[in-house]
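Chain and residue survey
Residue-level listing of the chains:
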Amino acid sequence: MTTTTTERPLDTVADFPAIPDGWAYLDTAATSQKPKPVIDAITRGYDETYATVHRGVYQRSADMTLAYEAARSRVASFIGGKPDEIVFVRGATEGINLVAHSWVAQQLKTGDRILLSQLEHHSNIVPWQMAAERVGAAIDVIPLTEDHRIDLDAMAAMITREHKFVALAHVSNVLGSVLDAARATEIAHSVGAKILIDGCQSVPRMAVDVAAIDCDFYVFSGHKLYGPTGIGVLWGRGELLNQMPPYQGGGSMIDRVSFERSTYAPAPTRFEAGTPHIVGALGLHAAIDYVSGIGLDRIHAHEAALVADTRGALSHLNSVRVFGPVDSAGIVSFAMEGVHPHDIGTILDESRVAIRAGHHCAQPLMASLGVDATARVSFGVYNGLRDVEALVAGMERVKRIFG
Ligand code: PMP
């Protein structure tokens with residue numbers, strides 16, 4: 001096959017013990033594989049240094065508390081926030097639900113409006129629907145441009161002072177379309193609305209700076225960033241977080257408790273009820289060190305080259321339709337005429353190529369693309385040209401089987 005780039009800047013596959021030779025793992029948008037330093041940090045956390053955090057009076061617990069809080073500081077420096085603006089959650093889904101529940105419960109009134117886009121993941125749709133139903137608010141949807149980006153001109157034309165909240169994906173999990181998050185924020189703020197950016201697919205593949213974007217909330221999941229499952233991040237402006245009521249009640253999040261009344265700790269503690277995912281935070285810290293060691297700009301360039309190769313190769317196959325903009329970040333969705341994406345996925349699996357097929361938790365997007373499902377490949381730091389070649393060989397087999 002012809003390639004668009006000759007230089008392959010990364011060769012990290014040896015860091016990933018769960019990727020055997022000859023297996024093309026192309027489902028990083030669902031979850032990434034884990035590098036050895038992350039696995040080691042988790043193992044060390046349980047094998048050597050394990051204890052609870054925040055309440056222990058013994059040295060081991062004090063040390064673990066320092067390590068847990070160091071992870072919080074590392075997340076803050078990674079995305080340009082302050083440590084006390086970092087709330088550890090289970091993942092992006094919980095982060096969005098927290099804001100939809102807590103901010104909306106307090107700030108949104110009947111008749112207010114929420115603005116989402118056509119390409120959102122169900123995690124960035126359903127919590128807002130539930131919140132809107134609770135208070136009698138309405139939801140409006142920003143359409144996509146012809147090349148499948150969130151249409152910010154349309155957003156600017158449709159937003160009104162009734163819109164109190166905007167929630168948008170930084171990178172689409174289906175199309176890889178990259179949002180100009182700073183411009184979207186400017187448009188939201190021009191009518192006084194707050195904005196949450198869903199960074200699930202951006203944080204693993206490009207440098208993110210919440211201060212430069214100037215948004216109000218930013219969420220992402222650790223497991224898509226080469227870290228463990230069960231830990232994710234909600235970043236929020238300190239003054240907003242401290243105005244928001246807790247999402248869950250329990251141990252650790254309080255100031256004082258009596259049967260008459262409880263008062264709450266300041267953020268982020270007020271949002272971390274119960275014993276947290278201590279070792280998950282250590283794993284996330286190691287994951288951030290790992291990607292930072294490679295450099296997010298290099299990762300972005302590496303994945304852009306693989307996307308260009310993939311789009312080029314797929315477009316040479318008759319009857320394949322490739323979705324999304326040409327400069328999509330690390331993710332390519334496609335469909336083949338007359339072949340269900342699940343069949344594509346199953347046949348590729350026989351060739352040891354792992355892709356995702358389905359609606360990708362984005363049914364409204366599928367409806368707007370006029371399909372029920374797509375086949376999706378998504379890249380990570382461990383992928384190389386060999387994986388694109390395996391995909392293309394597998395797709396040629398799909399073509400032969402379906403005639
Ligand atoms: N938003 C986007 C854009 C995603 O890709 C995902 C995961 N597929 C989520 C939200 C939800 O993430 P999680 O399941 O880790 O909470």
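Scroll up a little and you will see the structure.
These lines cover the structure that appears in this document, whether it is placed above or below. (Residues numbered from 1 in each chain as written. Predicted model: local features only at pLDDT ≥ 70, side-chain atom pairs only at ≥ 80, totals over all residues. Heavy atoms only, no water.)

Some points on the nonpolar core
- In this structure, Phe88, Met155, Val166, Leu168, Tyr218 and Val381 are the most contacted members of the largest nonpolar core, which totals 70 residues.
- Per element, the largest residue contribution to this core is nine residues, and it comes from helix H9 (residues 278-294).
- Discounting chain neighbours no more than four positions away, the residues touching Met155 are Leu115, Ile142, Val166, Leu168, Ala184, Ile187 and Ala188.
- Grouped together as the second largest cluster of nonpolar side chains are 30 residues, Ala100, Ala132, Cys200 and Phe217 included. (Core = buried A, V, L, I, M, F, W, Y, C linked by side-chain atoms within 4.5 Å. Buried < 20%, exposed > 50% of the residue type's maximum accessible area, 1.4 Å probe, protein only. Helix = DSSP H or I, 4+ residues; strand = E, 2+ residues; numbered from the N terminus. Contact = heavy atoms within 4.5 Å.)

Here's the deal with the site of the ligand
- Looking at the ligand, the residues that line it are Ala92, Thr93, His121, Ser123, Asn173, Asp198, Cys200, Gln201, Ser221, His223 and Lys224.
- Thr93 has a polar side-chain atom sitting 2.5 Å from an oxygen atom of the ligand.
- Here an oxygen atom of the ligand sits 2.7 Å away from a polar atom, N or O, in the side chain of His223.
- When the ligand sits alone it has 400 Å² of accessible area, and the protein chains cover 84% of it. (Near = heavy atom within 4 Å. Polar contact = N/O pair within 3.5 Å; in protein donor to acceptor, adjacent residues only side chain to side chain. Areas by Shrake-Rupley, 256 points an atom, 1.4 Å probe, with all protein chains shown as cover.)

A few points about a nonpolar patch on the surface
- On the surface, Ile254, Val257 and Tyr264 cluster together into a nonpolar patch covering about 260 Å² of accessible area.
- Mapped onto the elements of the fold, Tyr264 is located in strand S10 (residues 262-264). (Patch = residues over 30% accessible without salt bridge, like charges linked within 9 Å, V, L, I, M, F, W, Y side chains within 5 Å. Salt bridge = Lys/Arg side-chain N within 4 Å of Asp/Glu carboxyl O.)

Structural notes on the pairing of strand S9 (residues 254-257)
- Two elements, S9 and S10, share three bridges in a ladder whose sense is antiparallel. Within S10, the residue paired with Ile254 across the bridge is Tyr264.
- Counted along the chain from S9 to the antiparallel partner S10, the turn is four residues long. (Pairing = 2+ DSSP bridges.)

Structural notes on the sheet that holds strand S11 (residues 320-322)
- Read from one edge of the open sheet, four strands run S11-S12-S15-S14, paired in antiparallel fashion. Among the strands making up the open sheet, the edge pair consists of S11 and strand S14 (356-358). On average, adjacent strands in this sheet sit at an angle of 30° to one another, irrespective of strand direction.
- Relative to strand S15 (residues 374-378), strand S12 (residues 331-336) is paired through four bridges, and the arrangement is antiparallel. Paired with Val332 across the two strands is Val377, which belongs to S15.
- On the sheet, helix H13 (residues 385-401) packs against S11, S12 and S15 and is oriented at approximately 15° with respect to S12. (Axes fitted to C-alpha atoms, helices over the stretch in contact; angles between N-to-C directions.)

Overview of the packing of aromatic side chains
- On inspection of all chains with the given rule, the structure shows 11 aromatic pairs.
- Each ring, one from Phe16 and one from Tyr290, has its centre 5.8 Å from the other, and the planes form 85°; the classification is edge-to-face. With Phe16 in the segment before strand S1 (24-25) and Tyr290 in helix H9, this pair connects stretches of sequence that are 274 residues apart. By the burial criterion, Phe16 is buried, and Tyr290 matches it.
- Among the aromatic residues, those joined into a ring-pair cluster are Phe16, Trp23, Tyr25, Tyr226, Tyr290 and Tyr382. (Phe/Tyr/Trp six-rings, centres within 6.5 Å; stacked < 30°, edge-to-face > 60°.)

That is the geometry; function is a separate question.
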